[in-house]
Amino acid sequence: MDKRRNSSPPQLIRIRSPETTNKRRRASTFLNTVKIKAGGAVNFIIGGFHQPIVYEDKTKPGDINVDDTTTTTGPTPSPPVPLIDDPANRIYRGLDPSLQPLDRGSPSAFLQDRVEVVFFPKPGKYLVICGISGHFVNDGMYGIVRVLPPKDDEAEDEEEED
Ligand SMILES: [Cu+2]
């Protein structure tokens, strides 16, 4: 048995700011699907003002109550912007990006780039959305984490997409 199979690098989802990517790359960035095995983790590489929120297995984008919001609580942006705050079946809520360290130099730089790591112990199909309301509602910023059973054979990787 090849033990290296169980030490594959963590899967990544990159969340970039729209202004730093062209339209084609946005589509592939935001409508992202990653596959991992149960017991693995996903690294969310966040460039700028975003907030990953993960929902339980089988949650669909249309299930999210986008009217259930709170607002950012940090000094920037001003005025605050709405963050989706639907707790139903939510299993992870990322950091409020407005509370990340800011450099208010000239020109001001926003030090919101970060990595958030989420552990997935159980198989399933997990919806990940950006909690910035406008990013999810207007830009369709979401992705899927498919967590496969922790089997040793790779046959599961060949199963159908839906
Ligand atoms: Cu976003």
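All of these numbers come straight from a predicted model, not from anything done at the bench. (Residues numbered from 1 in each chain as written. Predicted model: local features only at pLDDT ≥ 70, side-chain atom pairs only at ≥ 80, totals over all residues.)

In terms of regular secondary structure, the protein is built from 2 helices and 12 strands. The helix and strand sequence of the protein, counted from the amino end, reads β-α-β-β-β-β-β-β-β-β-β-β-α-β. For the protein, buried positions account for 25% of its 162 residues. Restricting to contacts in the protein with at least 6 residues of sequence separation, those with at least 24 account for 70%. (Helix = DSSP H or I, 4+ residues; strand = E, 2+ residues; numbered from the N terminus. Buried ≥ 20, exposed ≤ 12 C-beta atoms within 10 Å, placed from the backbone. Contact = placed C-beta atoms within 7 Å.)

In this section: the pairing of strand S12 (residues 142-148). Regular strands show a simple pattern: their side chains alternate between the two faces of the sheet. In terms of burial, S12 is largely enclosed, as 5 of its 7 residues are buried. Sheet topology places strand S11 (residues 124-130) next to S12; 6 bridges connect them, and they run antiparallel. Following the sheet pairing, leucine 127 is matched in S12 by isoleucine 144. (Pairing = 2+ DSSP bridges.)

Okay, the confidence of the model for the protein next. Scored by pLDDT, the protein comes out at a mean of 80, with 69% of its residues at no less than 70. Across the protein, element-level confidence peaks in strand S7 (residues 90-93) with a mean pLDDT of 98 and bottoms out in helix H1 (residues 23-30) with 42. Between residues 1-9, whose pLDDT stays under 50, and residues either more than four places distant or in other chains, the model counts 2 contacts. Below a pLDDT of 50 lies the segment residues 18-29, which in the model reaches 8 contacts outside its immediate sequence neighbourhood of four places, other chains included. (pLDDT = per-residue confidence, 0-100.)

Once that is clear, we can look at the nonpolar core. Tyr126, Val128, Ile129, Phe136 and Tyr142 are the most contacted members of the largest nonpolar core, which has 22 residues in total. Looking at this core, the elements with two or more residues in it are strand S3 (40-46), strand S4 (52-57), strand S6 (82-84), S11 and S12. With 5 residues, the single largest contributor to this core is S11. Setting aside chain neighbours within four positions, we find isoleucine 129 in contact with Ile53, Ile64, Ile84, Phe136, Met141 and Tyr142. (Core = buried A, V, L, I, M, F, W, Y, C linked by C-beta atoms within 7 Å.)

Take the environment of arginine 93 next. Relative to the assigned elements, arginine 93 resides in strand S7. Among the residues examined, arginine 93 registers 16 C-beta atoms within 10 Å and is labelled partly exposed.

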